[in-house]
Amino acid sequence: MTEIAHELPLPMQRPPATSTGILGWLRANLFNSVFNTVLSLIAVYFLAVTIPPLIRWAFIDAVWDAANGQACRGPGGQEVGACWAFIGEKLRFILFGRFPYTEQWRPLLVVVLFIALVLASCDRRMWGRRLLLLWPAGLVLIGILMWGGVFGLRYVGTEYWSGLPLTLILAIIGMVYAFPFAILLALGRRSQLPAVRMVSVAYIELVRGVPLITVLFMASVMLPLFLPAGVTIDKLLRAQVAFILFAAAYLSEVIRGGLQAIPKGQIEAADALGLGYWRRTRLIVLPQALTMVIPPLVNNFIGAFKNTSLVLIIGLFDLLNTANAALTDPNWQGFAAEAYIFTAAIYFCFCFFMSRYSQMLERTFDRGHRR
Amino acid sequence: MSNAAEAMPGKAPVQSGARAMIEMQAVHKWYGEFHVLKDINLIVGRGEKVVVCGPSGSGKSTMIRCINRLEEHQQGRIIVSGIELTSDLKHIEAIRREVGMVFQQFNLFPHLTVLENLTLAPIWVRKLPKKEAEETARYYLERVRIPEQADKYPGQLSGGQQQRVAIARSLCMKPEIMLFDEPTSALDPEMIKEVLDVMIELAQEGMTMVCVTHEMGFARTVGDMMVFMDRGEIVERAPPAEFFANPKSERTRLFLSQILAH
Amino acid sequence: MASETAAIVVRPSRPAPWRDPRLRGIALQVVFVAVIAAIIGFLAYNTTVNLRRQNIATGFGFLDREAAFGIGESLIAYSPADTYARAFLVGLANTLYVSAIGIVLATILGTVMGLARLSRNWLVAKLAAIYVETFRNIPLALQLLFWWALLREVAPGPRQAWQPLPGVFVSNRGILLPVPHQDPAYLWMAVAFAIAFGIAYAVFRWARRRQAETGRQFPAGWVGLALALGLPLIVFVAHGMPLEMEWPVLRGFNFAGGTAFSPEFGALLIGLVVYTGTFIAEIVRAGILAVSWGQSEAAMALGLRPGQRMRLVVLPQALRVIIPPMTSEYLSLTKNSSLAVIIGYPDLVSIANTTMNQTGQAVEGIAMIMAVYLVISLLISLFMNLYNRSVALVER
Ligand SMILES: Nc1ncnc2c1ncn2[C@@H]1O[C@H](COP(=O)(O)OP(=O)(O)OP(=O)(O)O)[C@@H](O)[C@H]1O
Ligand SMILES: [Mg+2]
């Protein structure tokens, strides 16, 4: 009655040809149903209509070298292809803006330093004390390079800081300072003391409820009113303060998420050890809460980075605004698309890298949870 | 290689006279390049209980899921209740109406109450009046011994209760065949029995069942036929008594010694 | 305080007051509030001194004065002779207008792209992924400037206007669409549409009841759609099909007729929709992925059709995950519409900005903007809480 099919395992066979190879792939991924076939055809049509003209504009008909805007255009004064010569001409202005031309190696170095610092912070092996030493050292160096006035470097006031370094300063310094403030806000929101809790909630909700622009306006027009007569702070610092105040409210909500996710047992264990509130928070609660929220923190940072572009409203020359300013050159009129695409590419590189990084972290963290 | 599909019907006494409810003939399936099902031949007669076992990754779930087209086979034929499974949506719908399935993870709909879980398919697929569907649902809840939970949400029930609701949900469609894919392996030991009791009762009423499980006690009690799978093929099939007492294949023996060791 | 002292007397084992956590808490709060109050007081004092020194008026009296500046686009009647209050109202209306259209369009675009990213069609999924990754990683301000430049500079003059669809003109003066001529038929069509809704609702109720009694399904959705389209169509035909449209036509150097969107409005709308659409796409995608595949399998195994599976099982669960972040995305779109000030679309913030520059009353101007946005935020989070309470999954 028993049936034995085979004593030895059956050999593996290759799948039928219809399901492998290019044809199999096409069938499985593009034409596996009527609906999908229609979708594929629409998509192909869309690509056929958009891609060739774009490639023609950006590469084939593009002008890579020209003395001025006129030379970039076709015979009829009409632009035929992209005028990348414009970007070549304005490259240093877009990147470093009004920083003295001969000194522009300094902001370049600052950009490199910032990137190095961020990359170093992305490496998980560096997390901990080493970063806490690296960052202050890096920031001091950046300050020296930007301001100068020592070691024989020419002094350059903040009104000349512009372009990419300014964007990076606003974003990174903003985050660095917003972070401790955000931690305090998050702790305040979860405090047992009603007065502290209420003030924290009011601050967080107020700031999160209004657009960044209003905070920037406040910093630029209201801050001078707030200060005693005679005291002035420069524009960059005002914008920086606005950023810190704004970013802290959003950051604190992310951190609060981490605080909420900490199991109660951890806090009870700390209490059992007789640690006071501050030591418990510093040694047990925060380290766990912060590691848990690193991916959303990175996302938050991306948001802050993009938000720096709003400072053009209060007249600072960040990367976007230097691109804007480059467009006003009477010799090079009407190349807005080129300028904005180039600037967008720079923003994109930074943001895309960070978002990939946060996705990678999320995956590794997820695995940690499952194990 | 013997063609089991042709040889089978005469051989199995349970099936003589009974219409084959499930017929798998030389079924092959691949995941990409990976050959998961190799030449599967299986016939399940009306009222027959088939218990499928085998090591993890041997393709048990894949095989059972081919029967109601949760997975698509690429070669061979599968005929369920006289209807052949092709890519024809009409056939697939017809077969799914006749075949109930119970999953390891219950898969109850968390946004619906227990009663709504039970009446959803009868109303939308069988087109029963709501009142009638609810009556049927209450009847089956009674049968799985949780009539009082009708208005709760799945999230409020224990694992064993959820799995019994899942069984009742399938039964509400009045299926001719029930497929079980490791229905008790996500449950705590004390809940396994309550689910198995329901399944045994169901078996004793003559339901056609294909059951992937490692509950060997259950297999001995109700099984008509044991099917042992390994590396994507059916290695051995035999009535439970013979299967346990006297396994023919070396691979079966190895497997049995492993699961019966403790 | 009296009861505190009493408590100490009653229980001799109480710690000294400076070690008692409760007293310490109270003391801490008093100090905290005092410090905050001192800071606020200091700032307020400085502000009043500074305002007096600079001869800037305070209070909202300026709202009744003549604004004396023009506004390019307005939904309500406005002229420079109107008051600041009315100018604010124009700004508020513009903000709400662009936000409302933006929210609808971003939801459509985002949902389509989110679903496309989940498609089994490789090409479609990749295209959607490229859209999302590109536009979410570029600052909105930059995108606005880009679209604005595209519409203003790259787009040709009215004489060579692009015509993507017949009757639709894109030129550096903006986007022009044809509008139908005024005709009483349209009013009656709207009435018919409303009536169709009423009937559809009744049919829906009846279908439900009949289903409960006999089990027979009735395609109420399709009938409703047919009614909503059919009734107005019948009215349309009955009125002799007044198809006359007011086409935008070139007159001299500009267009006349039709309805026009300025490049500013166009750029703001496109920017907001394209940018927010990427976030909505991700929310939709995450929401659908959050419904486990097992749910779909269970629905399939029960014999539900793909449409039913989506409508009865997947969507109701996905929506619970989708709606909360979606509302905060709506809120952020509304807040982001304030970037209009960059390209000069007269929204609330840019009108407040002009007002502040003219009157110098920055405190009042900013207070008004903040109040408006706070009210919108509060309304949206109120809605959110109600919704969350009504759909929260019941767990053990
Ligand atoms: N969607 C899939 N894509 C690729 N491979 C798959 C997929 N599903 C299953 N497999 C592989 O097919 C093989 C058979 O899987 P199957 O789930 O049928 O095993 P099983 O016998 O049910 O195992 P278990 O007892 O662990 O449930 C496994 O090796 C598995 O890794
Ligand atoms: Mg399995």
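A.B. asks: Please clarify how the overall build of chain B should be interpreted in this entry.
C.D. replies: Counting secondary structure elements, chain B contains 10 helices and 10 strands. Taking 18 Å as the expected radius of gyration for a compact globule of 262 residues, we find that chain B reaches 18 Å, a close match to that expectation. C-alpha atoms of chain B, sized along the principal axes, occupy 55 × 45 × 40 Å. Considering chain B as a whole, with its 262 residues, one finds that 62% of them fall into the buried category. Taking the intrachain contacts of chain B between residues at least 6 apart in sequence as the baseline, contacts between residues at least 24 apart amount to 66%. Accessible area for chain B stands at about 10200 Å²; split by element, carbon and sulfur atoms hold 50% of it. Measuring between centres, the 31 positive side-chain charges of chain B sit 2 Å from its 34 negative side-chain charges.

A.B. asks: I'm lost on the site of ligand 1 in this one. Help?
C.D. replies: Residue and element names in this part refer to chain B. The environment of ligand 1 is made up of Tyr31, Phe34, Val36, Pro55, Ser56, Gly57, Ser58, Gly59, Lys60, Ser61, Thr62 and Glu182. For ligand 1, an oxygen atom lies 2.6 Å from a polar atom in the side chain of Ser56. Between Ser61 and ligand 1, the recorded distance is 2.5 Å, taken from a side-chain N or O atom to an oxygen atom. Starting from 640 Å² of accessible surface for ligand 1 in isolation, the protein chains cover 58%. For the shell around ligand 1, the secondary structure elements donating two or more residues are strand 2 (34–45) and helix 2 (60–67). Taken together, the residues that form the shell around ligand 1 break down as 4 nonpolar, 6 polar and 2 charged.

A.B. asks: Please clarify how the pairing of strand 6 (residues 99–102) of chain B should be interpreted in this entry.
C.D. replies: For a regular strand, the rule is simple: side chains alternate between the two faces of the sheet. Residues and elements named next belong to chain B. On strand 6, burial covers both faces: Val99 and Met101 on one face and Gly100 and Val102 on the other are all buried. Both strand 6 and strand 7 (residues 177–181) contribute to a ladder of 4 bridges, which runs parallel. Following the sheet pairing, Met101 is matched in strand 7 by Leu179.

A.B. asks: How should I be thinking about the interface of chain A and chain C in this particular structure?
C.D. replies: Interfaces are often sized by the amount of accessible area the parts lose when they come together. Counting from both sides, the interface comprises 58 residues of chain A and, opposite them, 51 residues of chain C. Of the roughly 4400 Å² buried between chain A and chain C, counting both surfaces, carbon and sulfur atoms make up 76%. The interface formed by chain A and chain C includes 1 salt bridge. Put simply, Arg356 of chain A and Glu133 of chain C hold a salt bridge, and the shortest N to O gap is 3.7 Å. Of all the secondary-structure elements, those providing two or more residues to the side of chain A that touches chain C are helix 1 (21–29), helix 2 (34–60), helix 8 (194–209), helix 9 (212–226), helix 13 (294–307), helix 14 (319–326) and helix 15 (336–370) of chain A. The leading source of residues in the side of chain A that touches chain C is helix 15 of chain A, at 13 residues. Partitioning the side of chain A that touches chain C into residue classes produces 42 nonpolar, 12 polar and 4 charged.

A.B. asks: Where do I start with the sheet that holds strand 2 of chain B in this structure?
C.D. replies: Two modes of strand pairing occur in sheets, parallel and antiparallel, and in both the strands are linked by backbone hydrogen bonds. Residues and elements named next belong to chain B. Overall, antiparallel pairing links the 4 strands, which are arranged 2-1-4-5 in an open sheet. The open sheet has two free edges, formed respectively by strand 2 and strand 5 (83–84), since each of these has just one partner strand. Pairing analysis gives 2 bridges linking strand 4 (residues 75–80) to strand 5, with the strands arranged antiparallel. Directly across from Ile79, in strand 5, lies its bridge partner Glu84. Contacts from helix 2 reach strand 1 (20–31), strand 2 and strand 4 within the one sheet, and its direction differs from that of strand 1 by about 125°.

A.B. asks: Sorry if this is basic, but what is going on with the nonpolar core here?
C.D. replies: Across soluble globular proteins, you tend to see nonpolar side chains buried next to one another. Counting 171 residues, the largest nonpolar core has Phe86 and Tyr340 of chain A together with Ile342 of chain C as its most contacted members. With 15 residues, the top contributor of residues to this core is helix 7 (residues 164–189) of chain A. Non-local contacts of Tyr340 of chain A, meaning those with residues more than four positions away in its chain, are made with Leu320, Asn324 and Leu327 of chain A together with Leu142, Leu145, Phe146 and Ala149 of chain C. The next biggest cluster of nonpolar side chains, apart from the first, holds 45 residues, and it includes Met24, Ile67, Ile78 and Leu120 of chain B.

Cut-off values and rules
- Per chain, residue numbering runs from 1 following the sequence as it is written.
- Each chain gets a letter, beginning with A, and each ligand a number, beginning with 1, in the order they are written.
- Local features in this predicted model are restricted to residues of pLDDT 70 or higher, and side-chain atom pairs are both shown and tallied only at a pLDDT of 80 or more, whereas totals for entire chains, interfaces and linings draw on every residue.
- In computing side-chain properties, one takes all heavy atoms of the structure into account and sets aside hydrogens as well as water.
- Where helices and strands are cited, they refer to DSSP runs of H or I of at least four residues and of E of at least two residues respectively, numbered from the N terminus.
- With the radius of gyration taken over C-alpha atoms, the globule rule is written as 2.2 Å times the number of residues to the power 0.38.
- Here the term buried applies to any residue with accessible area under 20% of the maximum for its type, exposed to any over 50%, and partly exposed to those in between, with areas from a 1.4 Å probe on protein chains only.
- Note on contacts: a residue pair qualifies if any of its non-hydrogen atoms lie within 4.5 Å across the two residues.
- With residues, only the protein chains shown are counted as cover, and all accessible areas are computed by Shrake-Rupley using a 1.4 Å probe.
- Charge counting follows a simple rule: Lys and Arg are positive, Asp and Glu are negative, and His as well as the terminal groups are ignored.
- Lysine's charge is taken at NZ, arginine's at CZ, aspartate's at CG and glutamate's at CD.
- When at least one non-hydrogen atom of a residue lies within 4 Å of a molecule or strand, that residue is treated as near it.
- The term polar contact refers here to a pair of N or O atoms within 3.5 Å; inside protein, the definition further demands a hydrogen-donor-capable atom paired with an acceptor-capable atom, and it admits residues adjacent in sequence only when both atoms are side-chain atoms.
- When residues are sorted by character, Ala, Val, Leu, Ile, Met, Phe, Trp, Tyr, Cys and Pro go into the nonpolar class, Asp, Glu, Lys and Arg into the charged class, and all the rest, Gly among them, into the polar class.
- Here, a strand pair is defined by DSSP locating no fewer than two bridges between the strands.
- As used here, buried area is the combined drop in accessible area, with a 1.4 Å probe, of two parts when they are placed together.
- A pair is scored as a salt bridge if a Lys or Arg side-chain nitrogen falls within 4 Å of a carboxyl oxygen belonging to Asp or Glu.
- Interaxial angle, 0 to 180 degrees, is taken between N-to-C directions of lines fitted to C-alpha atoms, where a helix line uses only the stretch in contact.
- What makes a nonpolar core is a set of buried Ala, Val, Leu, Ile, Met, Phe, Trp, Tyr and Cys residues whose side-chain atoms join them at distances within 4.5 Å.

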